[in-house]
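Given next are the chains, with one letter for each unit.
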Amino acid sequence: MLCMIQARMSSSRLPGKMLMQINEKPLLQRVIDRVNDSKKISKIIVATSLNQEDNQIEDYCNSIRIQCYRGDLNNVVKRYMDIIENESVDAFVRISGDSPLIPPEIIDKAVISYKNNDCDIVTNIFPRTYPKGFSVEVISSISFTKMNESLTKDQKEHITKKYYDYSNNFKIINFKSSTNYSNINLCVDTNKDLKKISHILSVNNESSFDWKEYCNNQL
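Basis of the calculations
Residues numbered from 1 in each chain as written. Predicted model: local features only at pLDDT ≥ 70, side-chain atom pairs only at ≥ 80, totals over all residues. Heavy atoms only, no water. Helix = DSSP H or I, 4+ residues; strand = E, 2+ residues; numbered from the N terminus. Rg over C-alpha atoms; globule rule 2.2 N^0.38 Å. Buried < 20%, exposed > 50% of the residue type's maximum accessible area, 1.4 Å probe, protein only. Contact = heavy atoms within 4.5 Å. Areas by Shrake-Rupley, 256 points an atom, 1.4 Å probe, with all protein chains shown as cover. Lys, Arg positive; Asp, Glu negative; His and termini not counted. Charge placed at Lys NZ, Arg CZ, Asp CG, Glu CD. Pairing = 2+ DSSP bridges. Right-handed = clockwise from strand over helix to strand, strands pointing away. Expected span 1.5 Å × (residues − 1). Core = buried A, V, L, I, M, F, W, Y, C linked by side-chain atoms within 4.5 Å. Salt bridge = Lys/Arg side-chain N within 4 Å of Asp/Glu carboxyl O. Axes fitted to C-alpha atoms, helices over the stretch in contact; angles between N-to-C directions.

Asks: Talk me through the overall build of the chain; I want residue IDs and the actual numbers.
Replies: Counting its secondary structure elements, the chain contains 9 helices and 9 strands. Whereas a compact globule of 219 residues would reach a radius of gyration of roughly 17 Å, the chain reaches 17 Å, a difference of no more than 12%. For the C-alpha atoms alone, the extent of the chain along its principal axes is close to 45 × 40 × 30 Å. Scored against the burial criterion, the 219 residues of the chain give a buried share of 53%. A sequence separation of at least 24 residues applies to 70% of the contacts in the chain between residues at least 6 apart. Taken as a whole, the chain presents about 10,600 Å² of accessible surface, with 42% of it coming from carbon and sulfur. Within the chain, the 27 negative side-chain charges are centred at a point lying 3 Å from the centre of the 29 positive side-chain charges.

Asks: Any details on the pairing of strand β4 (residues 43-49)? Residues and values, ideally.
Replies: Burial runs high along β4: 6 of the 7 residues are buried. Bridge count for strand β1 (residues 2-6) against β4 is 5 bridges, and the pairing is parallel. Among the inter-strand pairings, C3 is bridged to a residue of β4, identified as I44. In the classification by handedness, the crossover that spans β4, the intervening helix α2 (residues 55-63) and the parallel strand β5 (residues 67-71) is right-handed.

Asks: Describe the environment of S99, listing the residues and the values that go with them.
Replies: Structurally, S99 can be placed in the loop between β6 (91-96) and α4 (104-115). Residues S99 and S182 lie 83 residues apart in sequence; the distance between their C-alpha atoms is 15 Å. Among residues more than four places away in sequence, those in contact with S99 are V31 and G133.

Asks: Account for helix α1 (residues 27-36), naming residues and giving values.
Replies: Of all 10 residues in α1, 8 are buried, a share of seventy percent or more. Along α1, the positions that sit buried rather than exposed are L27, L28, Q29, R30, V31, I32, R34 and V35.

Asks: Residues and numbers for α4, please.
Replies: The terminal C-alpha atoms of α4 lie 17 Å apart, and with 12 residues this matches the ideal 16 Å at 1.5 Å per residue to within 8%. Within α4, the full set of buried residues consists of P104, I106, I107, D108, A110, V111, S113 and Y114. In the core, the buried residues of α4 are packed alongside α1, β6, β7 (121-123), β8 (137-140), β9 (172-174) and α9 (211-218).

Asks: Account for unusual backbone geometry, with residues named and values stated.
Replies: Leaving glycine out, the prevailing phi sign among residues is negative, and the prevailing peptide bond configuration is trans. Between F126 and the following residue, P127, the backbone shows a cis peptide bond with an omega angle of 5 degrees. Tracing the backbone shows P127 in the loop between β7 and β8. For S88, which is not a glycine, the phi torsion comes out positive at approximately 50 degrees. Tracing the backbone through its elements, the reader meets S88 in the loop between α3 (76-87) and β6.

Asks: Got a sec to walk through the nonpolar core? Specific residues and values, please.
Replies: Core analysis: the largest hydrophobic core is formed by 51 residues, its most contacted members being I5, L28, V35, I57, V93, I95 and L186. When residues of this core are traced back to their parent elements, those giving at least two are β1, α1, β4, α2, β6, α4, α8 (191-203) and α9. The residues touching V93, leaving out its near neighbours within four places in the chain, are M1, L2, C3, M4, I41, I107, V111, V136, E137 and V138. Among the nonpolar cores identified, the runner-up in size contains 21 residues, and L2, I45, A47 and V89 belong to it.

Asks: With reference to specific residues and values, describe the pattern of salt bridges.
Replies: Scanning all chains against the criterion turns up 9 salt bridges. Its salt-bridge partner being R94, residue E137 comes within 2.8 Å of it at the nearest N-O pair. Residue E137 is found in strand β8, and its partner R94 is found in strand β6; the two are separated by 43 residues along the sequence. A relative accessible area of 2% places E137 in the buried class. A salt bridge links D165 to K161; the shortest N-O distance between them is 2.9 Å. Of the two residues, D165 and K161 both sit in helix α7 (residues 161-165), 4 residues apart, roughly one turn of that helix. A relative accessible area of 38% means that D165 is categorised as partly exposed.

Asks: Outline the sheet that holds β1, supporting the account with residue identities and numerical values.
Replies: Spatially, 7 strands are ordered β5-β4-β1-β6-β8-β7-β9 in an open sheet, and the strand pairing comes out mixed. Since the sheet does not close on itself, it has two edges, and those belong to β5 and β9, each with one partner. Taken pair by pair, the neighbouring strands of this sheet meet at an average axis angle of 25 degrees, ignoring direction. As judged from the 5 bridges shared by β1 and β6, these two strands associate in the parallel manner. Note that in β6 the partner of L2 across the bridge is F92. The strands that α2 touches are β4 and β5; relative to β5, the one it contacts most, it runs at about 160 degrees.

Below, the structure is given as structure tokens:
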């Protein structure tokens, strides 16, 4: 299945974070590596904007031979619609570019759930029980196309917001963690987050990092 990683350099809280180093690897590369380890993802496209500062993201993607699509900064829905039409996919996975520790098995779980059910979207954030930074959504292209009508500014920017705003109009499947870790943050929004993730990876073997053990120790 196609996975789209949403990334931009113009983060308000940590500008340029996508190419900031976490233990000698850019944040974006760490997210790509995690997605690449998924058994259910066949292709990755980084979805970024046409803003000049995002030239750096396109250049980086070209350097590692990852496809990059550029579109409107604020109308992210349009960006995704263009990719859907260009790739002719029935469904796609959406991952945020601020998720350097997202477990591949959670991505696989979401894809399997989507394939086993007739639904518009599979998610793990409605309600959230996994840590922030572990968000994954699998979205039907037909549903996404139909949803792309009369969108507010926020709904254009946050591409699945309309599903949750009008949840009674969509078939949403939410999968949960056995323990509620929703108060734990493992995404990168601030410089403090960046330092925390760097520390986690410096004291743990990256390939065998046990996120459940870590999260249980934080509860």
